[in-house]
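# Architecture and fold: a report
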Amino acid sequence: EVQLVESGGGLVQAGGSLRLSCAASGFKFGDYAIGWFRQALGKEREGPLALTSRDTSPFYADAVKGRFTISSDKAQNTVYLQMNSLKPEDTAVYYCGAGSYFSDPRPADMYYWGKGTLVTVSS
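Structural notes, computed from the coordinates. This structure is a prediction, so every number in the text was calculated from the model and none was measured.

## So, the environment of Ser 72
Tracing the backbone shows Ser 72 in strand E7 (residues 68-73). Exposure remark for Ser 72: the relative accessible area of 38% places this residue in the partly exposed category. For Ser 72 and Ala 108, which are 36 residues apart along the polypeptide, the C-alpha to C-alpha distance reads 22 Å. Ser 72 has contacts with Phe 29, Thr 78 and Val 79, leaving out every residue within four places of it along the chain.

## Observations regarding the pairing of strand E11 (residues 117-122)
Residues Thr 117, Val 119 and Val 121 point to one face of E11 and are all buried, whereas Leu 118, Thr 120 and Ser 122, pointing to the other face, are not buried. Summarising the sheet, strand E2 (residues 10-13) and E11 pair through 4 bridges and their orientation is parallel. From the neighbouring strand, Gly 10 faces E11, where its bridge partner is Val 119. Judged from the 3 bridges that link them, strand E9 (residues 92-99) and E11 form a sheet pairing that is antiparallel. Paired with Val 93 across the strands is Leu 118, a residue of E11.

## Quick look at the sheet that holds strand E3 (residues 18-25)
Ordered by their spatial adjacency, 4 strands build an open sheet running E1-E3-E8-E7, and the pairing between neighbours is antiparallel. Two strands in the sheet have a free side with no partner beyond their single neighbour: strand E1 (3-7) and E7. Ignoring strand direction, the axes of neighbouring strands in this sheet form an average angle of 15°. As paired strands, E7 and strand E8 (residues 78-83) are joined by 6 bridges and run antiparallel to one another. Counted as the bridge partner of Ser 72 is Val 79 from E8.

## Quick look at the packing of aromatic side chains
Considering all chains together, one arrives at 5 aromatic pairs under this definition. Look at Phe 27 and Tyr 32: their rings are 5.1 Å apart centre to centre, the planes differ by 70°, and that puts the pair in the edge-to-face class. For Phe 27, a relative accessible area of 12% translates into the label buried. With a relative accessible area of 23%, Tyr 32 lands in the partly exposed category. Seen in terms of ring centroids, Phe 37 and Trp 113 are 4.8 Å apart; in terms of plane orientation they differ by 70°. Their pairing is edge-to-face. On the criterion of sequence distance, the pair formed by Phe 37 in strand E4 (residues 33-39) and Trp 113 in strand E10 (residues 110-113) is long-range, its members being 76 residues apart.

What counts and what doesn't
Residues numbered from 1 in each chain as written. Predicted model: local features only at pLDDT ≥ 70, side-chain atom pairs only at ≥ 80, totals over all residues. Heavy atoms only, no water. Helix = DSSP H or I, 4+ residues; strand = E, 2+ residues; numbered from the N terminus. Buried < 20%, exposed > 50% of the residue type's maximum accessible area, 1.4 Å probe, protein only. Contact = heavy atoms within 4.5 Å. Pairing = 2+ DSSP bridges. Axes fitted to C-alpha atoms, helices over the stretch in contact; angles between N-to-C directions. Phe/Tyr/Trp six-rings, centres within 6.5 Å; stacked < 30°, edge-to-face > 60°.

What follows is the structure, given as structure tokens:
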């Protein structure tokens, strides 16, 4: 059974940092691209914000370039999202997804999802 479990969310002041983790199990690490998405209250899920794939360079959305960094630890089957210079508009539930990586990645490309972790950035 494929499982994705996010952790690391919390409350942080604007300008601060958080590191999110996505622990993956039930599949061979590298078989799927893994990406980070977010959904703010009352809005649709957006992303990927960042996405890592075995065969390509990481993808970053314009909104997070230079502030967020995606990395992976194959030994731990875990993907991380380091978030720096956080802004109030980054407040959302953050999800990791596993799926395919196409040239224009979208949430619909993900086959599996975690339950999310809440990030709140205060002004």
